[in-house]
Amino acid sequence: MSTASVDEMIADTDAADAAGFVDELDTPDLKQRFETDNEFLFLDEFLPAETTTQFQARIPELTEAIHRNFIPRHKKGGSVSRYALDELAPEIPALYRNPKFIAWLERLTGETLEVCPESDPHAYALYFYTEPGDHIGWHFDTSYYAGKRYTLLLGVIDESSSQLEFELFKNDDDRETVADARNLRPGAMCFFNGDEVWHRITPLGENERRISLTFEYVTDAHMGRWQRFVSNMKDSIAYFGFKQVFKRNKR
Ligand SMILES: [Fe+2]
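Just so we're clear, the structure is a prediction, and the values are computed from it rather than from any experiment.

## Considering the overall build of the chain
Along its length, the chain carries nine helices and 12 strands. Whereas a compact globule of 251 residues would reach a radius of gyration of roughly 18 Å, the chain reaches 18 Å, a difference of no more than 12%. Its C-alpha atoms give the chain principal-axis dimensions of about 60 × 40 × 40 Å. For the chain, buried positions account for 47% of its 251 residues. The long-range fraction of contacts in the chain, counting pairs at least 24 apart against all pairs at least 6 apart in sequence, stands at 81%. The positive charge centre, built from 28 side chains, and the negative charge centre, built from 44, are 8 Å apart in the chain.

## Thoughts on the pattern of salt bridges
All chains considered together, the criterion is met by 14 salt bridges. For Arg 209, the salt bridge is made with Glu 159, and the minimal N-O distance between the two is 3.2 Å. Here Arg 209, found in strand β12 (residues 209-218), pairs with Glu 159, found in strand β7 (residues 149-159); they are 50 residues apart in sequence, far enough to count as distant. For Glu 159, a relative accessible area of 46% corresponds to the partly exposed category. What you see here is one network of salt bridges that share partners, running through Arg 68, Lys 76, Glu 131 and Asp 134.

## A few points about the nonpolar core
Counting residues in hydrophobic clusters, the biggest one holds 45 residues, and the most contacted among them are Phe 101, Leu 126 and Phe 215. Aside from chain neighbours lying at most four places away, what touches Leu 126 is Ile 59, Leu 62, Gly 78, Ser 79, Val 80, Leu 85, Ile 92, Val 156, Ile 211, Ser 212 and Leu 213. Residues Leu 164, Phe 169, Leu 184 and Cys 190 belong to the second largest nonpolar core, which totals 22 residues.

## Here we look at the packing of aromatic side chains
Counted according to the given criterion, the structure contains 17 aromatic pairs. Seen from their ring centres, Phe 40 and Phe 166 are 4.4 Å apart, and the 35° between their planes marks the pair as tilted. Of the two residues, Phe 40 sits in strand β1 (residues 40-43) while Phe 166 sits in strand β8 (residues 164-168), which places them 126 residues apart along the sequence. For the pair Phe 40 and Phe 166, one class covers both residues: buried. When the ring centre of Phe 42 is taken as origin, the NZ or CZ atom of Arg 182, which lies over that ring, is 5.6 Å away. Over the ring of Tyr 129 we find Arg 210, and its NZ or CZ is 5.3 Å from the ring centre.

## Comments concerning the coordination of the iron ion
Taken together, His 139 (NE2), Asp 141 (OD) and His 199 (NE2) make up the full set of protein donors to the iron ion, lying 2.1 to 2.2 Å away. Positions of the donor residues of the iron ion along the chain correspond to the pattern H-x1-D-x57-H. Using a relative accessible area of 15% as the deciding quantity, one classes His 139 as buried.

## What about helix α3 (residues 49-57)?
Those residues of α3 lying buried are Thr 51, Thr 52 and Phe 55. End-on, the buried residues of α3 take up no more than an arc of 95°, which puts them together on one face. Opposite the packed face of α3, turned more than 90 degrees from it, sit the exposed residues Ala 49, Glu 50 and Ala 57. Looking at the buried positions of α3, the neighbouring elements they touch are α4 (59-62), α6 (91-97), β7 and β12.

## Overview of the environment of Leu 164
Tracing the sequence through the fold places Leu 164 in strand β8. A relative accessible area of 2% places Leu 164 in the buried class. It is 26 Å that separates the C-alpha atoms of Leu 164 and Tyr 83, two residues lying 81 residues apart in sequence. Excluding residues that lie within four positions of it along the chain, Leu 164 makes contacts with Phe 42, Leu 153, Asp 180, Ala 181, Arg 182, Cys 190, His 199, Arg 200 and Ile 201.

## So, the pairing of strand β11 (residues 198-201)
Because side chains alternate across β11, one face comprises the buried residues His 199 and Ile 201, and the other comprises Trp 198 and Arg 200, none of which is buried. With two bridges joining them, strand β6 (residues 135-139) and β11 adopt antiparallel strand pairing. Counted as the bridge partner of His 139 is His 199 from β11.

## Re helix α7 (residues 99-109)
When we look at burial in α7, the residues that qualify are Phe 101, Ile 102, Trp 104, Leu 105, Leu 108 and Thr 109. Angular distribution of buried residues about the axis of α7 spans 155°; they occupy a single face of the element. Capping the start of α7 is the job of one residue whose side-chain oxygen sits 2.9 Å from the backbone nitrogen of Lys 100: Asn 98. Phi turns positive one or two residues past the end of α7, at Gly 110, with a value near 70°.

Thresholds applied
Residues numbered from 1 in each chain as written. Predicted model: local features only at pLDDT ≥ 70, side-chain atom pairs only at ≥ 80, totals over all residues. Heavy atoms only, no water. Helix = DSSP H or I, 4+ residues; strand = E, 2+ residues; numbered from the N terminus. Rg over C-alpha atoms; globule rule 2.2 N^0.38 Å. Buried < 20%, exposed > 50% of the residue type's maximum accessible area, 1.4 Å probe, protein only. Contact = heavy atoms within 4.5 Å. Lys, Arg positive; Asp, Glu negative; His and termini not counted. Charge placed at Lys NZ, Arg CZ, Asp CG, Glu CD. Salt bridge = Lys/Arg side-chain N within 4 Å of Asp/Glu carboxyl O. Core = buried A, V, L, I, M, F, W, Y, C linked by side-chain atoms within 4.5 Å. Phe/Tyr/Trp six-rings, centres within 6.5 Å; stacked < 30°, edge-to-face > 60°. Lys NZ or Arg CZ within 6 Å of the ring centre and 35° of its normal. Donors = N, O, S within 2.8 Å, 3.2 Å for Na, K, Ca; no water. Arc of directions from axis to C-beta. Pairing = 2+ DSSP bridges. Polar contact = N/O pair within 3.5 Å; in protein donor to acceptor, adjacent residues only side chain to side chain.

What follows is the structure, encoded as structure tokens:
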């Protein structure tokens, strides 16, 4: 057996192991909850502690790659795009693309999910709330893709009073809106249909820190030219800066 194939076998085993924790979950029950709440699920305990610890260990280096922005009355905070994560935290894209992990998300949604194309800086990204008042106002994670867009939020560091506030059934005239709030502590997750769940992150207090990871999956990764332009403008202004977004797209 060649060395390459042994390496590949080890890599395959590692990949399977990284998502092995999903076998321990009561998926039928979680799927039921996801459906009942109009494609929304929050779990206080999801990622294994060793995975969260691995992600946390990358934070000091990633701090160099933070792009901060401020949109009056809507958003203040820092973001690290997928391009920086590819270089500085390979475990994160590895989990994002892990076939076993995606298969589990597909079981929850009952949809075939695709990873976002190379040109999408938001496919996976870290959000840094590190200065007093850092927050994001009420919004949907609107899909600019031809299909649905699902957001997965994972808690990495949370030494804060900031909360993820959300409203379910916002678009459903026949249902009373359900409003609630949660702290996204390390290891916690929130998975939802971006076009259905109205949400925000409340402002960070003094001497607080909150770092969360976002993964984006779609049911159809095609995007019209105009939608791509709007999406890129939004990502440039609100998240990663024009250089990250448009230079990468030109490639
Ligand atoms: Fe969002």
